[in-house]
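# A structural walkthrough
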Amino acid sequence: MPDGSPFFVIGQRSGPDLTLRQVQAAPEKPEEPDDACEEIRRDSRDEDGSVEIAYAASVGEAARREAAETAEQISQDLKRQRERRTTAARRARRKVQYRRT
């Protein structure tokens, strides 16, 4: 089991932004079906949000961990986008245009 206590990190990602709505203690085993867990997840989906589980020593640390993970994910996504654009540009330069005369 990860270090620390489990916390629900409830928020919404929109583009590069993460809006944290709430961080609250989760049951000891949040992966197991639980009415409270399901209700939180359902409410979050209704508001186009997400619920992540972070293991941390405190609410603040859980929020910081989720923010750091989100920043890392965004960085990786942007890197992949740049690589795709570069690859597409190289392919476009390699194409030879033939004209009928």
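Below or above, wherever it landed, is the structure these notes cover. Once a new chain begins, its residue numbering starts again from 1 and follows that chain's sequence as written. Totals for whole chains, interfaces and linings use every residue, but because this is a predicted model, local features are given only for residues with pLDDT of at least 70 and side-chain atom pairs only at 80 or more, for both listing and counting. Heavy atoms throughout the structure, all of them, feed into the side-chain values; hydrogens and water do not.

### So, the overall build of the chain
Runs of H or I in DSSP of at least four residues are treated as helices and runs of E of at least two as strands, each being numbered from the N terminus. The number of helices and strands found in the chain is two helices and three strands. For the chain, the succession of helices and strands along the chain, N to C, is β-β-α-β-α. Burial analysis of the chain (101 residues in total) assigns 22% to the buried set. Contacts between residues were defined by any pair of non-hydrogen atoms, one from each residue, lying within 4.5 Å. Of the contacts formed within the chain by residues at least 6 apart in sequence, a portion of 57% connects residues at least 24 apart. Accessible surface computed for the chain: about 7900 Å², of which carbon and sulfur atoms make up 46%. For the exposure calls, accessible area comes from a 1.4 Å probe over protein chains only, and a residue counts as buried if that area is under 20% of its type's maximum, exposed if over 50%, partly exposed in between. Residue-level accessible areas treat just the shown protein chains as cover; the underlying method is Shrake-Rupley with a 1.4 Å probe.

### Quick look at the pattern of salt bridges
Two side chains bearing opposite charge may form a pair once their charged atoms approach each other closely. Salt bridges are counted wherever a side-chain nitrogen of Lys or Arg sits within 4 Å of a carboxyl oxygen of Asp or Glu. Applying the stated criterion across every chain yields a total of two salt bridges. A salt bridge links Arg 65 to Glu 61; its shortest N-O distance comes to 2.7 Å. Residue Arg 65 and its partner Glu 61 are both found in helix H2 (residues 59–94); the two are separated by four residues, about one turn of the helix. Arg 80 is the partner of Asp 77 in a salt bridge, and the nearest nitrogen-oxygen pair spans 2.5 Å. Taken together, the residues span about one helical turn, with Asp 77 and Arg 80 both in helix H2 at a distance of three residues. Given a relative accessible area of 29%, Asp 77 falls into the partly exposed group. Judged by its relative accessible area of 37%, Arg 80 is partly exposed.

### Here's the deal with the nonpolar core
Side-chain atoms within 4.5 Å are what join buried Ala, Val, Leu, Ile, Met, Phe, Trp, Tyr and Cys residues into a set we call a nonpolar core. One finds Phe 7, Val 9, Val 23, Ala 54, Ala 56, Ala 62 and Ala 63 forming the largest nonpolar core, which totals seven residues. Among the elements of the structure, strand E1 (5–14), strand E3 (50–56) and H2 are those that each provide at least two residues to this core. Ala 62 has contacts with Phe 7, Val 9, Val 23, Ala 54 and Ala 56, leaving out every residue within four places of it along the chain. Among the nonpolar cores identified, the runner-up in size contains six residues, and Phe 8, Ile 10, Cys 37 and Ile 40 belong to it.

### What to know about a negative patch on the surface
Together, Asp 35, Glu 38, Glu 39, Asp 43, Asp 46 and Asp 48 give the surface a local cluster of negative charge. Looking at the element boundaries, Glu 38 is found in helix H1 (residues 35–46). You can call Glu 38 partly exposed: its relative accessible area is 35%. Here, patches come from residues exposed beyond 30% relative accessible area and free of salt bridges, joined within 9 Å for like charges and within 5 Å for nonpolar side chains (Val, Leu, Ile, Met, Phe, Trp, Tyr). Within this scheme the basic residues Lys and Arg register as positive and the acidic residues Asp and Glu register as negative, but His and the chain ends are omitted. To locate a charge, take NZ of a lysine, CZ of an arginine, CG of an aspartate or CD of a glutamate.

### Thoughts on a positive patch on the surface
Taken together, Lys 79, Arg 82, Arg 84 and Arg 85 make up a surface patch of like positive charges. For Arg 84, the location among the structural elements is in helix H2.

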